[in-house]
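# Coordinate analysis (summary)
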Amino acid sequence: MRNARRIFFIALCCSLCACGGPSLQYKKDVSSMMAKGNFEGAQAKIEKNKNKVYGEHNKLLYYLDLSIPQTAQNKHEDANKTLESAQDAQEDLQVQSVSQNLGTLVINDNTQPYRAPVYEQALTYFYRSLNYLTMQDLQDAAVEARKAAFFLDYTRSHETKTYNDDPFVQYFTSMIFEDTGSLSDARISRDNANNAYQKYLSWYEGKAPAFNLPKDYKDMGEVVIFHLNGKVPYKISNEISLAWDNIWFAVNANNDLKGVSGDVIDAVYAGAFGRSVTISFPELKDNPYIITGSAVEVDGGQPVKTQLVADIAATAKETLKEQNAAIYARTVTRAVTKFILRVQAQNSATKLTKDKNVGALVGALVSAASNITEKADTRSWFTLPAEIRMADLFLPQGTYNIKMLFYDDRGNAIDEYVFEKVQINKGKRTYLYRTTAK
Amino acid sequence: MKKLLALALLLPLVVACGTKVERMDENTVKDLSGNWNDTDSRMVAETMIQDCLNGGWYAKAVKVTKGQEPVVIVGTVDNKSMEHINTDTFIEELQRALINSGKVSFVASSQERGDLRNERLEQDEYASEATRKAFGKEVGADYMLSGVLNSILDKEGRKSVVFYQVNLKLIDIETNQIIWNGQKQIKKYVAKKSLTF
């Protein structure tokens, strides 16, 4: 019994040291608040857990997660300060740490601070820019657009085998370049957007989004409405303990283990009984939402459907698929390293004490610690929407009430939102957005 | 003994965790991120002031204004770089140096003028007749100062070269002629740490 307690103590220590970021339950809680439209509550929960859940190790993730409920509440300045911190944190993370890299080979992938993949980084520019646009600050929105264009150009030229361009962010930057009169930059970004849409065409029902330009558009004002919809899939840990001994007999017979997580029991007993290897890898789990479409209605006129312009859920899945090869390679390397550590510890203890039983116990302790620390990296920007939809309307100069209608998968309008007294100016583009996670 | 040892070990950690602030001379050059900073802003302002005051435009301008100081207004300075730069700092510095030179006078910007007009409207209602300021006495500007800040970034891994170019123009409001064009370029090589233990 004393041995079992020691094993659990080691397991607890290792779990605490794993720095795995937000737990599945935490993600579900925040996600549920956002689904109910309680963005204020979601923001408060994230802020409250800054140190407890994220810590210095995952500060980038904290800023990313926080920025979405802030943006949804139209706290543009706060959201942009948060996103600026996220971009700075990402920049700082380009420094490679020898010890953290080593940690991924002997502990788990969570020993590395969270680094945002390409699509998440690209979206920070979009969100910051959108916030500036809503504050009528085109100059600073354009700064973000230029940063996005540079980032995507750089990524495209340096990352040839991964998701290396973002069609929607390219499209969005082209609109901002048009707004600032930088027409050649706008043309380049639009070409890049079209090329990237062609690359990922299957996500967009075989055709890139297209918006009609009326003949008399020069005499009109334009309103672009973004619908930031749904919940991006979140990562879960998929763990397999491969043991050669019959571990389940022991687990089921022990009443002391009631209430302890099955994964922990599995890993500890697999380790305690010796020859076992725990393999873990992340998997994306869909986070269901019921709003699947939307339309825009101006002053009671005919509703115009929004088009899917960014499939963030598909992008997340594609990104993980591309990362999997490297994740599996590290997992196997880690399993071998941990096995060698166990054998060496067992042999050293046996040699030192001249007692095989002590050696076996030490080996079992190391094995248990190895198994319990084997956690997949389930970190991702989980407050993101699953998709971005867009409507692009041309209207004569004037003031309008613009209604957004939200539909379920049967085409029933289940919710709505009205942007009141929107001023549309001739020759100018106005941007609006609405976040739904229902 | 053990307590003393523990204290000795903990002390450096406690000291290291505290925030350290020290006052610096405003002319000290301190580059942290490699981004545009106060030193760049000051370098641009100094170059522009010299260039502007020594420019041939002034003698011509005085001739046009019949010996009066030319009146200038600050227009917009577009930030076309990849950084959120407050261009007001070097414009303000330039404006201050030009006013202090006694060669030109500045009128308030369009936003400031709007505030002042509102103030005069309120004075009309609330201020005594003796102290009330009248409408229609504003001085119209002869020239507008405007410009653009551009940047070009070249990056490879943790190394980058950033090139800034600031162009300021003085434009004759009546004729749209550019009577002065100042330029300052700054080029920086930034190498960031790529490996740590």
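Let me sum up the structure you'll find in this document. The structure presented is a predicted model; accordingly, all values stated were derived computationally and were not measured. Once a new chain begins, its residue numbering starts again from 1 and follows that chain's sequence as written. Think of it this way: whatever chain is written first is A, whatever ligand is written first is 1, and the rest follow in order. Totals for whole chains, interfaces and linings use all residues, but because this is a predicted model, local features are given only for residues with pLDDT of at least 70 and pairs of side-chain atoms are given and counted only at 80 or more.

Only DSSP runs of H or I covering at least 4 residues are called helices, and only runs of E covering at least 2 are called strands; the numbering of each starts at the N terminus. In terms of regular secondary structure, chain A is built from 15 helices and 11 strands. Every C-beta atom is placed from the backbone, and the number of other C-beta atoms within 10 Å of a residue's own sets its class: buried at 20 or more, exposed at 12 or fewer, partly exposed in between. Here chain A holds 438 residues, and 42% of them are scored as buried. Note on contacts: residues are paired as contacts if their backbone-placed C-beta atoms lie within 7 Å. A sequence separation of at least 24 residues applies to 76% of the contacts in chain A between residues at least 6 apart.

Attention shifts here to helix H8 (residues 118-134) of chain A. Multiplying 1.5 Å by the residue count of a helix minus one yields the expected span of that helix. The first and last C-alpha atoms of H8 of chain A sit 25 Å apart over 17 residues, in line with the 24 Å expected at 1.5 Å per residue. Among the residues trailing H8 of chain A, Gln136 of chain A stands out with phi positive, at a value near 65°.

Hydrogen bonds along the backbone pair up the strands of a sheet, which may run parallel or antiparallel. Pairing between strands is defined by DSSP: at least two bridges between the two strands are required. Ordered by their spatial adjacency, four strands build an open sheet running S6-S5-S9-S10 (chain A), and the pairing between neighbours is antiparallel. Taken across any chain shown, the strands that pair with only one partner, and hence form the sheet edges, are strand S6 (304-305) and strand S10 (413-424) of chain A.

By definition, a nonpolar core groups buried Ala, Val, Leu, Ile, Met, Phe, Trp, Tyr and Cys residues that are joined through C-beta atoms within 7 Å. The biggest cluster of nonpolar side chains holds 82 residues, and the ones touching the most others in it are Ala122, Val169 and Ile312 of chain A. A total of 10 residues in this core trace back to one element, the largest contributor, which is H8 of chain A. Aside from chain neighbours lying at most four places away, what touches Ile312 of chain A is Tyr119, Val232, Leu384, Pro385, Ala386, Glu387 and Ile388 of chain A. Ranked by size, the runner-up nonpolar core spans 24 residues in total, among them Val72, Leu149, Tyr164 and Leu170 of chain B.

Attention shifts here to helix H4 (residues 88-100) of chain B. Residue and element names in this part refer to chain B. The end-to-end C-alpha distance of H4, which contains 13 residues, comes to 18 Å, matching closely the 18 Å that a straight helix rising 1.5 Å per residue would cover. The set of residues buried in H4 consists of Phe90, Ile91, Leu94, Gln95 and Leu98. Projected onto a plane normal to the axis of H4, the buried residues spread over an arc of 140° and lie on a single side. More than 90 degrees from the buried face of H4, the exposed residues found are Asp88 and Asn100. Packing partners of the buried residues in H4 comprise helix H2 (38-53), strand S1 (71-80) and strand S2 (105-107). Gly102 occupies a position one or two residues after H4 and carries a positive phi of about 75°. The arc refers to the directions leading from the helix axis to the C-beta atoms.

Turning to unusual backbone geometry, a few remarks are in order. Residue and element names in this part refer to chain A. Located in the positive-phi region is Gln136, a residue other than glycine, with phi close to 65°. A tally of 9 C-beta atoms within 10 Å means that Gln136 is categorised as exposed. Within the chain, Asp299 stands out as a residue other than glycine whose phi angle is a positive 45°. Tracing the sequence through the fold places Asp299 in the loop between strand S5 (293-298) and S6. C-beta crowding within 10 Å serves as the criterion here: with 11 such atoms nearby, Asp299 is assigned to the exposed category.

Once that is clear, we can look at the pairing of S10 of chain A. All names here are of chain A. The sheet contact formed by strand S9 (residues 398-407) and S10 spans nine bridges and is antiparallel. Bridge pairing in S10 links Leu405 to Glu416. The antiparallel hairpin formed by S9 and S10 contains five residues in its connecting segment, where Gly411 sits at a positive phi of about 85°.

All right, on to the packing of H2 of chain B against H4 of chain B then. Residues and elements named next belong to chain B. The geometry of H2 relative to H4 is characterised by a closest axis approach of 9 Å and an angle of 35° between their N-to-C directions. In this structure, the crossing between H2 and H4 has a hand that is right-handed. Note on element contacts: H4 touches H2 through Thr89, Phe90, Glu93, Leu94, Ala97 and Leu98, opposite Ser41, Val44, Ala45, Met48, Ile49 and Cys52. Broken down by class, the residue content of the contact of H2 with H4 amounts to nine nonpolar, two polar and one charged. For every element, the axis is a line fit to its C-alpha atoms; helices are fit only across the contacting stretch, and the angle between N-to-C directions ranges from 0 to 180 degrees. By definition, turning the near helix anticlockwise from the far helix through less than a right angle yields a left-handed crossing, and turning it clockwise yields a right-handed one. Charged residues are taken to be Asp, Glu, Lys and Arg, nonpolar residues to be Ala, Val, Leu, Ile, Met, Phe, Trp, Tyr, Cys and Pro, and polar residues to be all remaining types, Gly included.

All names here are of chain B. With mixed pairing, the five strands of this open sheet are ordered in space as S2-S1-S3-S4-S5. Each edge of the open sheet is held by one strand with a lone partner, namely S2 and strand S5 (178-191). Averaged over all pairs of adjacent strands, the angle between their axes in this sheet comes to 25°, without regard to strand direction. Here three bridges tie S1 to S2, and the two strands are oriented parallel to one another. Paired with Ile73 across the two strands is Val107, which belongs to S2.

A few words now on the environment of Asn324 of chain A. Positionally, Asn324 of chain A belongs in helix H14 (residues 312-353). Taking the C-alpha atoms as reference points, Asn324 of chain A and Gly206 of chain A, 118 residues apart in sequence, are found 26 Å from one another.

On to the packing of helix H3 (residues 39-48) of chain A against helix H5 (residues 59-72) of chain A, then. Residue and element names in this part refer to chain A. Two numbers describe how H3 lies on H5: the axes approach to 9 Å, and their chain directions differ by 155°. Looking at the two axes, H3 sits roughly antiparallel to H5. Handedness of the H3/H5 crossing: left-handed. Note on element contacts: H5 touches H3 through Asp65, Leu66, Pro69, Gln70 and Ala72, opposite Phe39, Ala42, Gln43, Ile46 and Glu47. Partitioning the contact of H3 with H5 into residue classes produces six nonpolar, two polar and two charged. Angles are sorted into four bins: roughly parallel if under 35 degrees, roughly antiparallel if over 145, roughly perpendicular if 65 to 115, and oblique for all others.

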